Amino acid sequence: QVQLVESGGGLVQAGGSLRVSCAASERPFSDFAMGWFRQAPGKEREFVSAINRIGSRRDYADSVKGRFTISRDNAKNTLYLQMDSLKPEDTAMYYCAARSPARSLYGNVYYRPNEYDYWGQGTQVTVSS
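Asks: Talk me through the state of the cysteines; I want residue IDs and the actual numbers.
Replies: Following the criterion strictly, the structure yields one disulfide and no others. What pairs with Cys22 in a disulfide is Cys96, and their sulfur atoms sit 2.0 Å apart. With the S-S dihedral at roughly -70 degrees, the linkage between Cys22 and Cys96 falls on the left-handed side. Placement of Cys22 in strand 3 (residues 18–24) and of Cys96 in strand 9 (residues 92–98) is noted, with a sequence separation of 74 residues between them.

Structure, rendered in structure tokens:
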């Protein structure tokens, strides 16, 4: 019941920064718990970061903690992932995910792909050394 479109990926040197965005098709955006996942060629999709419905709780994979920041602007129906101090191992397709409103408990964040119901098409992030 929602379409998600990621943008903002690109090519960056190691140590650089990118911000990827996810635009949702309908409101109220605050009804959806949201997350970012990434997938490299030949690898399973892995958790990157998650945020609860109103942005009061955020969690990160250990591999990105301290370097990435998730945020949301519910008035703009947009989710963000600010990525700093990028490393070559961050290279992947980055996907935005939304959990159905009926399943998105107000204060919860979600960590597994099967806890989400809607996915964007992905935006490619490539980090060169």
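So, next bit.
Asks: Tell me about the packing of aromatic side chains, residues and numbers included.
Replies: Counting across every chain of the model gives seven aromatic pairs. When the centroid spacing of 5.4 Å and the interplanar angle of 70 degrees are considered together, the rings of Phe47 and Tyr111 count as edge-to-face. Taken as a pair, Phe47 in strand 5 (residues 46–51) and Tyr111 in the loop between strand 9 and strand 10 (118–119) lie far apart in primary sequence, 64 residues in all. The class of Phe47 is buried, set by a relative accessible area of 15%. Here Tyr110 and Tyr116 contribute two aromatic rings whose centre-to-centre distance is 6.4 Å and whose plane-to-plane angle is 85 degrees, an arrangement assigned as edge-to-face. A single burial state applies to Tyr110 and to Tyr116, both of which are buried. An aromatic cluster is defined as three or more aromatic residues linked by ring pairs; in this entry it consists of Phe37, Phe47, Tyr110, Tyr111, Tyr116 and Trp119. Positioned above the aromatic ring of Trp119 is the side chain of Arg45, whose terminal nitrogen or guanidinium carbon lies 4.8 Å from the ring centre. Over the aromatic face of Tyr110 sits the side chain of Arg99, whose NZ or CZ is 4.0 Å from the ring centroid.

Asks: So what's going on with unusual backbone geometry? Which residues, and what values?
Replies: Notably, Asn77 is not glycine yet its phi reads approximately 55 degrees, a positive angle. With a phi close to 50 degrees, Ser85 is a non-glycine residue in the positive phi region.

Asks: Describe the environment of Asn52, listing the residues and the values that go with them.
Replies: Relative to the helices and strands, Asn52 resides in the loop between strand 5 and strand 6 (58–60). Here Asn52 falls in the buried class, since its relative accessible area comes to 1%. Residue contacts for Asn52: discarding those within four places in its chain leaves Arg57, Arg72, Tyr106, Gly107, Asn108 and Val109. Among the polar contacts listed, one links the side chain of Asn52 to the backbone nitrogen of Ser56, at a separation of 2.9 Å.

Asks: Would you mind going over the sheet that holds strand 7 (residues 68–73) in detail, with residue names and values included?
Replies: Here we have four strands laid out as an open sheet, ordered 1-3-8-7, and antiparallel in their pairing. A single partner strand is all that each edge strand has here, and the edge strands are strand 1 (4–7) and strand 7. Taking the axes of each pair of neighbouring strands and ignoring which way they run, one obtains an average angle of 15 degrees across the sheet. The sheet contact formed by strand 7 and strand 8 (residues 78–83) spans six bridges and is antiparallel. The residue of strand 8 that forms the bridge with Phe68 is Met83.

About the cut-offs
Residues numbered from 1 in each chain as written. Predicted model: local features only at pLDDT ≥ 70, side-chain atom pairs only at ≥ 80, totals over all residues. Heavy atoms only, no water. Disulfide = S-S within 2.5 Å. Helix = DSSP H or I, 4+ residues; strand = E, 2+ residues; numbered from the N terminus. Phe/Tyr/Trp six-rings, centres within 6.5 Å; stacked < 30°, edge-to-face > 60°. Buried < 20%, exposed > 50% of the residue type's maximum accessible area, 1.4 Å probe, protein only. Lys NZ or Arg CZ within 6 Å of the ring centre and 35° of its normal. Contact = heavy atoms within 4.5 Å. Polar contact = N/O pair within 3.5 Å; in protein donor to acceptor, adjacent residues only side chain to side chain. Pairing = 2+ DSSP bridges. Axes fitted to C-alpha atoms, helices over the stretch in contact; angles between N-to-C directions.

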